[in-house]
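Now for the letters of each chain:
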Amino acid sequence: MFAVVDKLPVQARMPAFAQGLVDNEQEAIAILSYETQVVPGLLQTEAYARCVFESGHPAVADETADQWVANRMQRQEIWTRDRPPVGHFIIEESVLRRNVGGPEAMREQIRKLVEANEPAHMGVQIMPMDRMPHACLDGPLVLLETPDHQRLAYLEVQRASFLVEDPEEVSNYHLKYGMLRSQALSPSESMRLLERLLGEQ
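These figures come from a predicted structure and were not determined experimentally.

Trainee: Explain the side chain of H134 to me, and be specific about the residues and the numbers.
Mentor: Relative to the helices and strands, H134 resides in the loop between β4 (122-127) and β5 (141-145). Here the side chain of H134 touches E92 through a polar contact of 2.6 Å, side chain to side chain. From its side chain, H134 meets the backbone nitrogen of C136 in a polar contact 3.1 Å long. Residue contacts for H134: discarding those within four places in its chain leaves Y34, E92, M127, L180 and Q183.

Encoded structure:
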């Protein structure tokens, strides 16, 4: 079944519609993410995140953007836990070709993606723009596994989000993600593409 994330009051540190994801990712033992529009929040640099928030419409106040950026950076501390979660990310090539924040911000962001692929518990793959067939043309997807091995899926569109808990539905999303991994560039091919993109900035 689909459980719509509760409409919480807008908190000082994050948009309410993202609360369901953040609550679960902080305890997750595994995070799998496919992104179609922007670099996943857990891998964004501060400059990239700020540009994403400041590009929104209607515009948010500067202090709100500051709070959201700080919170996004704090979320990334999960990678420094004593036992960090397994993290795997598939990112559309078109995301990396959108000049978010300017050339220097993009260079910094791409370097961070290269570094994210180095730890044994992490992986980054790029989906080429011309790749067909494509198992997930219907949008981004985040898969989470909790410490008690419950598997969840998180779907987001505009300012609405859904947590999917039904095991059969979540299993279908895992099958979809598995196919995506086979269709994307391999990790080594992905790193070569990132290095080429660095040279183009």
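Trainee: Go over unusual backbone geometry with me, naming the residues and quoting the values.
Mentor: Excluding glycine, a negative phi dihedral is what most residues carry, and trans is how most peptide bonds are arranged. In this structure, P58 follows H57 across a cis peptide bond, with omega equal to 0 degrees. Of note, P58 is situated in the loop between α2 (46-54) and α3 (62-75). Not every positive phi belongs to a glycine, and H149 is a case in point at roughly 70 degrees. Relative to the assigned elements, H149 resides in the loop between β5 and β6 (151-157).

Basis of the calculations
Residues numbered from 1 in each chain as written. Predicted model: local features only at pLDDT ≥ 70, side-chain atom pairs only at ≥ 80, totals over all residues. Heavy atoms only, no water. Helix = DSSP H or I, 4+ residues; strand = E, 2+ residues; numbered from the N terminus. Polar contact = N/O pair within 3.5 Å; in protein donor to acceptor, adjacent residues only side chain to side chain. Contact = heavy atoms within 4.5 Å.

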